[in-house]
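Structural features, examined
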Amino acid sequence: FNGIELPTCYPNKNLADALQSVFVSFKMKRHVILAGEEGCGLTKIARLIAQCHNMKLNDNKDEKEYFCICTEETKCSDLIGGQKASESINKSKTLIKWKQGFLSKAIRSGHCAILDSIDEATSTVTERINPLLDQKFDSDDVKFEVPENPNEPEILINPNFRLLCTCKIDKINQMSPAFINRFDVIVLENQLENIKPDELKELVTLLLKSTTFT
């Protein structure tokens, strides 16, 4: 895949085109929505893309994944963070402390964060991250406002930070155009399109190798 090693993926033109488009967008400091039909492997591909991005960082020893499956129950605090009861009340006078969300951690560290099934998230969640998507990376001192945290109401955005969302292609038109337009939308086409018999045999072999029988 043009220098990108994805040993567990079946090599095909549609996947290669999608990968190339995503990494070009990342290079241009853009965030991405990866869209496709249900069952086409969006989640797996997104996680592999994030791994590739994160491995390029200087602190590539950090193998932590910044990943969230969005549902109607997903709250802004799940992403940004929130006030939590202190676990060491006896040792500290602070009863409530701020617990940083996974998205806030990725923003600081410059990793790629994944919001899987963004089409399932509520408008409250998407509207909350809109200001993050509006940021222009023209300087080294760009911040994301977090008024929920009175002790640190701003987070310095690492210039390497990227947001990668997945979305079902038939749901994307149901989302807010103002939200969608803040991303580069890249479509993962059917990876089995025009597959030849010998290529199908290769795919089956790959699937069998990746399957563990008990």
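Residues numbered from 1 in each chain as written. Predicted model: local features only at pLDDT ≥ 70, side-chain atom pairs only at ≥ 80, totals over all residues. Heavy atoms only, no water.

1. A word on the packing of aromatic side chains
Each aromatic ring pair is summarised here by two numbers: the centre-to-centre distance and the angle between the ring planes. To be explicit about the condition: For this analysis, a ring pair means two rings from Phe, Tyr or Trp (six-membered ring only for Trp) whose centres lie within 6.5 Å, classed as stacked if their planes differ by under 30 degrees, edge-to-face if by over 60, and tilted for the remaining angles. For helices the rule is a DSSP run of H or I covering at least 4 residues; for strands it is a run of E covering at least 2, with both sets numbered from the N terminus onward. A simple rule labels every residue: compare its accessible area, found with a 1.4 Å probe on the protein chains alone, to the largest value its type can have, and call it buried under 20%, exposed over 50%, or partly exposed in between. Any Lys NZ or Arg CZ that is within 6 Å of a ring centre and within 35 degrees of that ring's normal is treated as a charge sitting over the ring.
Taken as a whole and judged by the stated rule, the model has two aromatic pairs. Pairing Phe23 with Phe26 gives two aromatic rings, centres 6.2 Å apart and planes at 80 degrees, and the pair type is edge-to-face. Within this pair, Phe23 and its partner Phe26 are both found in helix H1 (residues 13–27), separated by three residues, close to a single helical turn. Of the residues examined, Phe23 reaches a relative accessible area of 14% and is grouped as buried. A residue is classified by how much of its surface remains accessible, and Phe26, at 4% relative accessible area, is buried. Positioned over the ring face of Phe67 is Arg47, at 4.7 Å from the centre of the ring. Against the face of Tyr66 rests Lys64, its NZ or CZ located 5.7 Å from the ring centre.

2. Here we look at the environment of Ile107
Threshold: Residue contacts are counted whenever heavy atoms from the two residues lie within 4.5 Å of one another.
Examined against the element boundaries, Ile107 turns out to sit in helix H4 (residues 102–109). The exposure class assigned to Ile107 is buried, which follows from its relative accessible area of 0%. Considered as a pair, Ile107 and Leu163 are 56 residues apart in the sequence and their alpha carbons are 9.0 Å apart. Ignoring anything within four residues of it in the chain, the contact list for Ile107 reads Leu132, Phe144, Ile155, Leu156, Ile157, Asn158 and Phe161.

3. A look at the nonpolar core
Heads up, the condition is: Residues belong to a common nonpolar core when they are buried Ala, Val, Leu, Ile, Met, Phe, Trp, Tyr or Cys residues joined through side-chain atoms within 4.5 Å.
One finds Leu79, Leu103, Leu115, Ile118, Phe161 and Leu163 to be the most contacted residues of the largest nonpolar core, which totals 34 residues. Contributing elements (two or more residues each) for this core: strand E1 (32–36), strand E2 (66–69), helix H3 (76–79), H4, strand E5 (112–116), helix H5 (123–133), strand E8 (162–168) and helix H6 (177–180). When neighbours within four sequence positions are excluded, Phe161 is seen to be in contact with His31, Leu103, Ala106, Ile107, Gly110, His111, Ala113 and Leu132.

4. Observations regarding the sheet that holds strand E9 (residues 184–187)
Spelled out, the test is: A pair of strands is treated as paired once DSSP finds two or more bridges between them. Lines fitted to C-alpha atoms define the axes here, with helix axes fitted over just the stretch in contact, and angles between the N-to-C directions of these axes take values from 0 to 180 degrees.
Spatial ordering of the open sheet is given by E2-E5-E8-E1-E9, a layout of five strands whose pairing is parallel. On the outer flanks of this sheet lie E2 and E9, each paired with one strand and no other. Neighbour-to-neighbour, the strand axes of the sheet open up by a mean angle of 20 degrees, direction not taken into account. For E5 and E8, the ladder comprises four bridges, and the chain directions are parallel. What sits directly across from Ala113, in E8, is Leu163. Here H1 sits on the sheet in contact with E1, E5, E8 and E9, set at roughly 170 degrees to E9.

5. Quick look at a positive patch on the surface
Basically, it comes down to this: Residues enter a patch when their relative accessible area is above 30% and they make no salt bridge; the linking distance is 9 Å between like charges and 5 Å between nonpolar side chains (Val, Leu, Ile, Met, Phe, Trp, Tyr). Working definition of accessibility: Shrake-Rupley area with a 1.4 Å probe, residue cover restricted to the visible protein chains. By convention in these notes, a salt bridge is any Lys or Arg side-chain nitrogen within 4 Å of a carboxyl oxygen on Asp or Glu. Charge assignment in this entry is limited to Lys and Arg as positive and Asp and Glu as negative, and neither His nor the chain termini are counted. We put the charge of a Lys on NZ, of an Arg on CZ, of an Asp on CG and of a Glu on CD.
A surface patch of positive charge is lined by Lys64, Lys75, Lys84, Lys97, Lys99 and Lys105. Of note, Lys97 is situated in strand E4 (residues 96–100). The exposure class of Lys97 is partly exposed, given its relative accessible area of 39%.

6. Here's the deal with a negative patch on the surface
A cluster of acidic side chains, namely Glu37, Glu38, Asp170 and Glu189, defines a negative patch on the protein surface. Counting through the fold element by element, Glu37 comes out in the loop between E1 and helix H2 (42–55). The exposed category is assigned to Glu37, whose relative accessible area is 53%.

7. Topic: the environment of Glu152
Going by this rule: Polar contacts, as counted here, are pairs of nitrogen or oxygen atoms within 3.5 Å of one another; within protein the pair requires one atom able to donate a hydrogen and one able to accept it, and residues that are adjacent in sequence qualify only if both atoms are side-chain atoms.
Summarising the element assignment, Glu152 is placed in the loop between strand E6 (143–145) and strand E7 (154–156). Glu152 sits 54 residues away from Trp98 along the chain, and the two C-alpha atoms are 9.3 Å apart. Excluding residues that lie within four positions of it along the chain, Glu152 makes contacts with Arg108 and Val146. A distance of 2.8 Å separates polar atoms of two side chains, one belonging to Glu152 and the other to Arg108.

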